[in-house]
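Next come the chains, spelled out residue by residue.
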Amino acid sequence: LVNGKRKFNQIAGHNNPDVPSNYGGSSFLELSGSSNFPKYNVRNTHEVKTIRIDTYLDSINFDGKIKWLHCDAQGTDLNVLKSFGEKIELLEGGVIEVVTPEMNLYENCDNLIEDCKTFLEENKFQITSMTSNTNNNKEFNMFFKRPADV
């Protein structure tokens, strides 16, 4: 949740040359080493510049509303929301990716359904729906919006 630099792990799924790599799993988080994901590995690491959303909004003198945020930050979606700080009031709605405790691709993943739900509700959002991203129902898109009367 700080501005600066972080290590970014470029993930390659499957060591089988007949199966395409899954770079969509790349993340700031380390792989968990879980037996649920035996074919995932870190192909490369990169140091990347990071910036909190509130810092970015200040840097561009943003004073409007953010109608919609679509966030799939590979295990760090809740941190993205938290990086709004007090500017979370500007966000009207969106979708984040959340997981069950059994979906443990990453170490220290804070995208658990209950944690994300609690944060959103504490910040006066309503959860409007959840749709599964996987056939084993362990990863979901959580849709949320700010009620009109808030």
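Scoring rules and cut-offs
Residues numbered from 1 in each chain as written. Predicted model: local features only at pLDDT ≥ 70, side-chain atom pairs only at ≥ 80, totals over all residues. Heavy atoms only, no water. Core = buried A, V, L, I, M, F, W, Y, C linked by side-chain atoms within 4.5 Å. Buried < 20%, exposed > 50% of the residue type's maximum accessible area, 1.4 Å probe, protein only. Helix = DSSP H or I, 4+ residues; strand = E, 2+ residues; numbered from the N terminus. Contact = heavy atoms within 4.5 Å. Phe/Tyr/Trp six-rings, centres within 6.5 Å; stacked < 30°, edge-to-face > 60°. Lys NZ or Arg CZ within 6 Å of the ring centre and 35° of its normal. Pairing = 2+ DSSP bridges. Axes fitted to C-alpha atoms, helices over the stretch in contact; angles between N-to-C directions.

Engineer: So, the nonpolar core: which residues are in play, and what are the values?
Structural biologist: Counting 21 residues, the largest nonpolar core has Leu 81, Phe 84, Leu 91 and Ile 96 as the members making the most contacts within it. Broken down by secondary-structure element, the contributors of at least two residues to this core are α1 (53–59), β3 (69–71), α2 (77–82), β4 (93–99), α3 (113–122) and β6 (139–145). The dominant element in this core, judged by the number of residues it contributes, is α3, at 4 residues. The contacts of Leu 81, once residues within four sequence positions are left out, are Leu 69, Ile 88, Leu 91, Ile 96, Phe 119, Leu 120 and Phe 144.

Engineer: An account of the packing of aromatic side chains is needed here, citing residue identities and associated values.
Structural biologist: Overall, the coordinates contain 2 aromatic pairs when judged by the stated rule. Summarising the aromatic geometry, the rings of Trp 68 and Phe 143 are spaced 6.4 Å apart at their centres and angled 35° between planes, so their arrangement reads as tilted. Here Trp 68, found in the loop between α1 and β3, pairs with Phe 143, found in strand β6; they are 75 residues apart in sequence, far enough to count as distant. Among the residues examined, Trp 68 registers a relative accessible area of 48% and is labelled partly exposed. Sitting over the face of the ring of Phe 125, Arg 146 holds its NZ or CZ atom 4.0 Å from the ring centroid.

Engineer: Quick one: what's the story with the sheet that holds β3, residue by residue and with numbers?
Structural biologist: Pairing is mixed across the open sheet formed by 4 strands, whose spatial order is β3-β4-β6-β5. In this open sheet, the two strands that pair with only one neighbour each are β3 and β5 (126–132). Taking the axes of each pair of neighbouring strands and ignoring which way they run, one obtains an average angle of 20° across the sheet. Sheet contacts for α3: β4, β5 and β6; angle to β6, the most-contacted strand, approximately 5°.

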